[in-house]
Amino acid sequence: MTENTTPAAAAAEQPQALPSQYTPAEVEGKLYERWVAAGWFEADAKSDKPPYTIVIPPPNVTGQLHLGHAFQHTLMDALTRRKRMQGFEALWLPGMDHAGIATQNVVERELAKEGKSRHDLGREAFVDRVWQWKEEYGGRILGQMRRLGDGVDWSRERFTMDEGLSRAVQTIFKRLYDDELIYRAERIINWCPRCLTAISDIEVEHQDDEGELVSIRYGEGDASIVVATTRAETMLGDTAVAVHPSDERYAHLVGTEIELPLTGRRIPIVADEHVDPEFGTGAVKVTPAHDPNDFEIGRRHDLPMPTIMNERAIVTAHGPFEGLDRYEARFAIVAALREQGRIVAEKRPYTHAVGHCSRCKTTVEPRLSMQWWVRVEPLAKAAGDAVRDGRVAIHPQELAGRYFAWVDNMHDWCISRQLWWGHRIPVWYGPNGETVCVGPNDEAPTGEGWTQDTDVLDTWFSSGLWPFSTLGWPEQTADLAKFYPTDVLLTGHDIIFFWVARMMMFGLYAMDGRAPFHTITLTGLVRDQFGKKMSKSFGNVVDPIDWMDAYGTDALRFTLARGANPGTDVPIGEDWVQGSRNFCNKIWNATRFALMNGATVEGPMPAAEHLSATDRWILSRLDAVVAEVDAYYEDYQFAKLSDTLFHFAWDEVFDWYVELAKLPLNGDDEAAAQATRRVLGHVLDVTLRLLHPIVPFVTEELWTTLTGGESLVVAAWPAPSGFADPAAEAEITTLRQVITEVRRFRSDQGLKPGQRVPANISLAGTAIAAHEAALRQLARCTPAGEGFSATTSFPVAGALIELDLSGAIDFAAERKRLSKDLAEAEKVRDVNTRKLGNAGFLAKAAPDVVEKVREKLAGAEADIARIRGQLDRLPSA
RNA sequence: GGGCGCAUAGCUCAGUUGGUUAGAGCACUGCUCUUACAAAGCAGGGGUCGACAGUUCGAGUCUGUCUGUGCCCA
């Protein structure tokens, strides 16, 4: 600690030098480096302490820190920092995922600037190039996490493409393949014609687009039938028209063939249960290779399934339309049909839901293709059951319904991607049609004609293994034994399906039915100060670094934590961050005051009988706050615990305890001063500990100076001491009421805040008899001297306060104030009188409720009498 | 189209099993640089809790309908 030359430390030796404002930039970087260098964030697998583990939701290697990360990281950091202080072997494990499509896109864009494509380089060189990019530019977010103060174990940082994690991917692929939970099949998949790969169902975003609904007459005369479509261009791939079996309008046509316009091909009319007779004409065109529903109809009726577009959604057949993209083809085909008089109706615009690639927003093209799939049914059932039977809890509970809706109705998961960046599918094909899945310890087949599958796996496939692949699985490592299962998974509710459900499936499958975590805490999304979603197009995106620069990291963290009501979105505005900065500065100044006045944590706390009521009050409150904060942490109520600490620190400790402490600190009674210094030191010590997980920097800077302790990172979390003094709490509450009442009178009378007023104060026999000096100090009352003449007097809480305003009293203001009080008291009286006059209430309400109402009525009546007395004594205007 | 949620002060949000005069932050008004802090202090104003009906001795809280709004799924 001797080399510690922080501003606060220097100031402790020379209190005058202490800056009156907290400057985050001067302490944050230095403190973080110190924490990391000391190794306090590194977990020890050999430790005897109970483990507490959180794995970070791996950010994208191409990504940068946004407010959503800042938000979730603040909460995860708070959880792990507290557990570390509580004596757990706390591990918060960091890392990134390789983001197959996004990363490949980034590098391809780079290549495009050089006029090259990945095909010019070839697969191996391209992948090398991606690695090179990753080393140079990837992972900017890791530096930003340091800035945020994330107490992660950097020695355990992982990346989904690392050798160990890749081995985990291959291991589980092989295992699932052998268990027949992975298979290869030709199906309709969601194809992105821009990314040139398949994507899974949940990577498709549906949104309403304005399109057109065109009704086309197929066939001629009696044998004609009208179909409606939003995708006229796909007619080139039609191989049937389908109607409902019970639809009498078309019964005579079923089994016949009609000519498909423009092509000269003849296609059958089939009857299929899945056709909705109510929609349009009740007849639908069937394009099995370009629509999932049509594919199913095609399978049932054994129809041909011609693909009519290439991977870029350009038409590949049929003479005049060949080479047109899907939209050009649509226009050309409708024109050609119109010329033939086959368009019987057109509706424009026709709004309907269209699928878009979640990565690039391109309209998805359903496409028949050979892909790899996970048969999810048994995995999903296990994932659902683990939550259903209580082994895994979801916070907030309301979101469990969405989880069940997904896992209980999950479609098979398309896991192959036509990319080069990712985990290549470990399957080899032989010259004679052999298929071999190669495990991590197997030799890949070599020799003439053997080739490996060219596809890679969905990034989420490897992310799904994250809670155990990062701990060394499939090896039976010490880390895995110590830290799996992890404790809490904290992430946004928007990736329940992408990630949470898949970790559950893989964890239960690979780890002998042991779920990857016991608690899932789902957060909302960060929004702007008006509750609007942050989006680039709307221009309301905020870079968290900017706010950290302007107001300090702690201010940003506190604002985010304070907004974290369970399951709800978190609005955040610059004004609020500024408010949090003000709070940090307030903590700074309160501690500065304490240091200047010799607050200490040395020596035992004085026994209760040697403490003032003020001391006993704040210690009693402190104990209650420790318990409250603990309860909120256990329930993941970050907003509540932050708010509790905010109000305790500011409204009670800083505004009242510190002010009341000034009397003994500046008084002649050295024993009383010393006791106060000790209590003040203790209260700040504990308060800083409680605040540290949320605002680690300012608390660390102040606490090390105040206590001389090594670091809050490894300091003990406060435990309730069992101290409670309800009498002292009541006493100080009354004192505060009386002081506030006098101040209110002063304010209404237009007195200057600093102006001293002679007062005669009679406290004998009241609960606050011992606090006259405090009352005089905080209400700025001087003793009644020679010639004291009370211009006004008022009773409050049994005390009588007489003030000499030298005749300057504003009777109108006083009448207004008293009238307002009277009206309020009368309202209370009336409400409660009505209740007590209600026979039903007396008969049915709980006795304690009735008793409370009686007390309230009595209190109101006493107030009314008192206020009326005061009003009566005022001279009439 | 199906499901879920929300509607409380100017703004953003808390309000536990129905029972104090409905709270907070920010914003607002007045007075103050009172020797920790003007990034502050002290005092204050502001809401018929979306609408209508119902249950109840009693409804911001429970039920139904309506209106508005958001999200998820298709």
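As the structure is a computational prediction, the values presented were derived from the model and not from experiment.

**Some words on the pattern of salt bridges**
Here comes step 1: Counted under the stated rule, the structure contains 52 salt bridges.
Here comes step 2: Here Glu 296 ties to Arg 299 by a salt bridge, and the two come within 3.7 Å at their closest N and O atoms. In this pair, Glu 296 and Arg 299 both sit in helix α9 (residues 292–301), three residues apart, roughly one turn of the helix.
Here comes step 3: For Glu 296, a relative accessible area of 31% corresponds to the partly exposed category.
Here comes step 4: Judged by its relative accessible area of 46%, Arg 299 falls in the partly exposed class.
Here comes step 5: The partner of Glu 814 in a salt bridge is Arg 817, and the shortest N-O contact between them spans 3.1 Å. Highlighted residues: Glu 814 and Arg 817, both in helix α26 (residues 811–836), separated by three residues, approximately one helical turn. Each of the two residues, Glu 814 as well as Arg 817, counts as buried.
Here comes step 6: Taken together, the shared-partner salt bridges in this structure form one network comprising Glu 741, Arg 744, Asp 748, Glu 814, Arg 817 and Asp 821.

**Quick notes on the domain arrangement of chain A**
Here comes step 1: Once the domains are mapped, chain A shows domain 1 (197–365), domain 2 (568–724), domain 3 (726–786) and domain 4 (810–877).
Here comes step 2: Computed from C-alpha atoms alone, the centre-to-centre distance between domain 2 and domain 3 is 25 Å.
Here comes step 3: Contacts between domain 2 and domain 3 engage 14 residues on the former and 15 residues on the latter.
Here comes step 4: Taking both partners together, domain 2 and domain 3 bury about 1200 Å²; carbon and sulfur atoms supply 72% of that area.
Here comes step 5: Of all residues in domain 2, Trp 617, Trp 656 and Leu 663 bury the most surface against domain 3, accounting for 48% of the area lost on that side.
Here comes step 6: Our enumeration of links across domain 2 and domain 3 arrives at one salt bridge.
Here comes step 7: A salt bridge links Glu 652 to Arg 736; its shortest N-O distance comes to 3.9 Å.
Here comes step 8: Scanning the region where domain 2 abuts domain 3 turns up one residue pair in polar contact (both at pLDDT 80 or more).
Here comes step 9: Where the side of domain 2 that touches domain 3 is concerned, the elements lending two or more residues are α20 (613–634) and α21 (638–666).

**Some thoughts on the sheet that holds strand β14 (residues 365–374)**
Here comes step 1: On the basis of which strands lie adjacent, the open sheet formed by four strands has the order β6-β5-β14-β16 and antiparallel pairing. One side of each edge strand has no neighbouring strand; the edge strands of this open sheet are β6 (197–199) and β16 (413–414).
Here comes step 2: Here three bridges tie strand β5 (residues 182–192) to β6, and the two strands are oriented antiparallel to one another. Counted as the bridge partner of Asn 190 is Ile 199 from β6.

**Section: helix α10 (residues 326–339)**
Here comes step 1: Taking 1.5 Å per residue, 14 residues should reach 20 Å; α10 reaches 20 Å between its end C-alpha atoms and fits that length.
Here comes step 2: Arg 326, Ala 329, Arg 330, Ile 333, Val 334 and Leu 337 are the residues of α10 that are buried. Buried residues along α10 cover an arc of 130° about the axis, so they all sit on one side. Across from the buried face of α10, at angles greater than 90 degrees, the exposed residues are Phe 331 and Glu 339.
Here comes step 3: The inward-facing, buried residues of α10 abut β7 (204–218), β13 (343–357) and β14.

**Quick word on the side chain of Thr 74**
Here comes step 1: Among the structural elements, Thr 74 can be located in helix α3 (residues 67–85).
Here comes step 2: By relative accessible area, Thr 74 is classed as buried at 0%.
Here comes step 3: Of the polar contacts made by the side chain of Thr 74, one reaches the backbone oxygen of Ala 70; its length is 2.7 Å.
Here comes step 4: In this view, Thr 74 contacts His 69, Arg 557, Leu 560 and Ala 561; residues no more than four positions away in its chain are not counted.

**Digging into the packing of aromatic side chains**
Here comes step 1: Tallied over the entire structure, the rule returns 29 aromatic pairs.
Here comes step 2: With centroids separated by 5.8 Å and ring planes inclined at 65°, the aromatic side chains of Phe 173 and Trp 372 adopt a geometry described as edge-to-face. With Phe 173 in helix α8 (residues 163–178) and Trp 372 in strand β14, this pair connects stretches of sequence that are 199 residues apart. When sorted by exposure, Phe 173 lands in the same class as Trp 372, which is buried.
Here comes step 3: Pairing Phe 583 with Phe 646 gives two aromatic rings, centres 4.8 Å apart and planes at 55°, and the pair type is tilted. With a gap of 63 residues between them, Phe 583 in helix α19 (residues 574–596) and Phe 646 in helix α21 connect regions that are remote in the sequence. Each member of the pair Phe 583 and Phe 646 is classed as buried.
Here comes step 4: Here the basic side chain of Arg 562 rests over the ring of Phe 646, its NZ or CZ set 3.9 Å away from the ring centre.

Basis of the calculations
- Residues numbered from 1 in each chain as written.
- Chains lettered and ligands numbered in written order.
- Predicted model: local features only at pLDDT ≥ 70, side-chain atom pairs only at ≥ 80, totals over all residues.
- Heavy atoms only, no water.
- Salt bridge = Lys/Arg side-chain N within 4 Å of Asp/Glu carboxyl O.
- Helix = DSSP H or I, 4+ residues; strand = E, 2+ residues; numbered from the N terminus.
- Buried < 20%, exposed > 50% of the residue type's maximum accessible area, 1.4 Å probe, protein only.
- Domains from an automatic or database assignment.
- Contact = heavy atoms within 4.5 Å.
- Buried area = accessible area lost by both parts, 1.4 Å probe.
- Polar contact = N/O pair within 3.5 Å; in protein donor to acceptor, adjacent residues only side chain to side chain.
- Pairing = 2+ DSSP bridges.
- Expected span 1.5 Å × (residues − 1).
- Arc of directions from axis to C-beta.
- Phe/Tyr/Trp six-rings, centres within 6.5 Å; stacked < 30°, edge-to-face > 60°.
- Lys NZ or Arg CZ within 6 Å of the ring centre and 35° of its normal.

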